[in-house]
Amino acid sequence: MEYHIHQYELEQGALEIQYIEEFFGEFPRKKTATEIVRRLEGRAHLILLAHAALTDGTVVPVSFKVGHEIKTSETEPKLADLVVRLRDHVQFDGRRILYTWIGGTRRDWRGQGHFRALTEQQELWAIEQGFDEIVVKTKNKFYEMRGTLDHLHFEVVKYERNAADNAESKVYLSKKILPEIVRRHRSAKTVVQVTA
Ligand SMILES: CC(C)(COP(=O)(O)OP(=O)(O)OC[C@H]1O[C@@H](n2cnc3c(N)ncnc32)[C@H](O)[C@@H]1OP(=O)(O)O)[C@@H](O)C(=O)NCCC(=O)NCCS
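Residues numbered from 1 in each chain as written. Predicted model: local features only at pLDDT ≥ 70, side-chain atom pairs only at ≥ 80, totals over all residues. Heavy atoms only, no water.

A. Quick look at the site of the ligand. The environment of the ligand is formed by 21 residues, the closest being Thr-105, Gly-111, Gly-113, Arg-116 and Arg-186. Contact distances for the ligand include 3.2 Å between an oxygen atom and a backbone N or O atom of Gln-112. Contact with the protein chains covers 78% of the free accessible surface of the ligand, which is 940 Å². (Near = heavy atom within 4 Å. Polar contact = N/O pair within 3.5 Å; in protein donor to acceptor, adjacent residues only side chain to side chain. Areas by Shrake-Rupley, 256 points an atom, 1.4 Å probe, with all protein chains shown as cover.)

B. Highlighting the packing of helix α1 (residues 10-21) against helix α2 (residues 33-40). Put simply, α1 and α2 touch, their axes get as near as 8 Å, and they point 135° apart. As far as their axial angle goes, α2 and α1 are oblique. Handedness of the α1/α2 crossing: right-handed. Across the interface between the two elements, Leu-10, Glu-11, Ala-14, Leu-15, Ile-17 and Gln-18 of α1 pack against Ala-33, Ile-36, Val-37 and Leu-40 of α2. (Axes fitted to C-alpha atoms, helices over the stretch in contact; angles between N-to-C directions. Helix = DSSP H or I, 4+ residues; strand = E, 2+ residues; numbered from the N terminus. Parallel < 35°, antiparallel > 145°, perpendicular 65-115°, else oblique. Left-handed = near helix turned anticlockwise from the far one by under 90°. Contact = heavy atoms within 4.5 Å.)

C. Just the pairing of strand β1 (residues 2-8), in detail. Within β1, 5 of the 7 residues are buried, which leaves the element mostly enclosed by the surrounding structure. Here 7 bridges tie β1 to strand β8 (residues 188-194), and the two strands are oriented parallel to one another. Opposite Gln-7, over in β8, you have Gln-193 as the bridge partner. As judged from the 5 bridges shared by β1 and strand β2 (residues 45-53), these two strands associate in the antiparallel manner. In the sheet register, His-6 faces β2, and the bridge partner there is Leu-49. (Buried < 20%, exposed > 50% of the residue type's maximum accessible area, 1.4 Å probe, protein only. Pairing = 2+ DSSP bridges.)

D. Representation of the sheet that holds β2 in the model. Taken together, the 8 strands give an open sheet; going across it, the order is β6-β7-β5-β4-β3-β2-β1-β8, and neighbouring strands pair in mixed fashion. The outermost strands of the open sheet, each flanked by one partner alone, are β6 (155-160) and β8. On average, adjacent strands in this sheet sit at an angle of 25° to one another, irrespective of strand direction. Here β2 pairs with strand β3 (residues 59-70) via 9 bridges, running antiparallel. Of the residues in β3, the one forming a bridge with Leu-49 is Phe-64. Against the sheet, helix α3 (residues 77-86) makes contact with β3, β4 (97-105), β5 (133-139), β6 and β7 (170-176), and its axis sits at roughly 70° relative to β3, the strand it touches most.

E. Structural detail: the environment of Thr-105. Among the structural elements, Thr-105 can be located in strand β4. With 82 residues separating them along the chain, Thr-105 and Phe-23 place their C-alpha atoms 9.3 Å apart. In contact with Thr-105, other than residues within four places in its own chain, are Phe-24, Val-62, Ser-63, Arg-110 and Phe-115. Polar side-chain contacts of Thr-105 include one of 2.8 Å to the side chain of Ser-63.

F. Looking closely at the pattern of salt bridges. Evaluated as defined, the whole model comprises 11 salt bridges. Residue Glu-168 is joined to Lys-141 by a salt bridge in which the shortest nitrogen-to-oxygen separation is 2.7 Å. With a gap of 27 residues between them, Glu-168 in the loop between β6 and β7 and Lys-141 in the loop between β5 and α5 (143-151) connect regions that are remote in the sequence. Judged by relative accessible area, which is 32%, Lys-141 ranks as partly exposed. Among the charged side chains, a salt-bridge network with shared partners connects Asp-81, Arg-85, Lys-158 and Glu-160. (Salt bridge = Lys/Arg side-chain N within 4 Å of Asp/Glu carboxyl O.)

Structure (structure tokens):
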């Protein structure tokens, strides 16, 4: 199978993410395009979507992944808080860290390798851009995501217990960007850069 990946520039990419998030009934807090632009503007970022054809031939976005750089100098409260939580577990000094902010695959297309293909493309981009490590945050209760990150060889770097409900505990994972990770890549893909 060949995966079809589109890499978007900020404004159009934000609209695409807003659109695809509408298909994720399980997440009540969907991101708006404005919120996405506000987060990504002015920082190194990557917006990727995988497309696939419906039975009638219509091509639709089925999977997405958005990452951006985080630094110890963050001032936006959510990101500053993230860095504080991570800094004893991820080495920031002299290294570039890519944070996988949001991502997912529409239910009917899960288990078909779309998210692996996006992850591998993100890793290639991260290497090209000189990143050293990719970090991601999830929760104990997101079993599909935890299983997937395990298959994609992300390692747990921190576990933050939620005293009231362990299912809500936060799990932070990371993957070092080393040249050998590319040798483990498996997805055949075409990548299109979408420019406005
Ligand atoms: C997690 C998610 C993105 C996986 O997407 P996907 O397109 O189905 O993933 P892929 O088919 O590319 O699978 C990638 C790898 O993960 C494995 N995998 C996928 N779903 C899995 C699951 N539910 N349990 C265990 N492993 C799983 C696959 O076997 C594959 O490994 P392999 O290539 O070694 O065989 C998708 O299930 C999803 O969107 N879930 C809801 C999103 C979510 O939970 N978000 C939480 C907020 S962090």
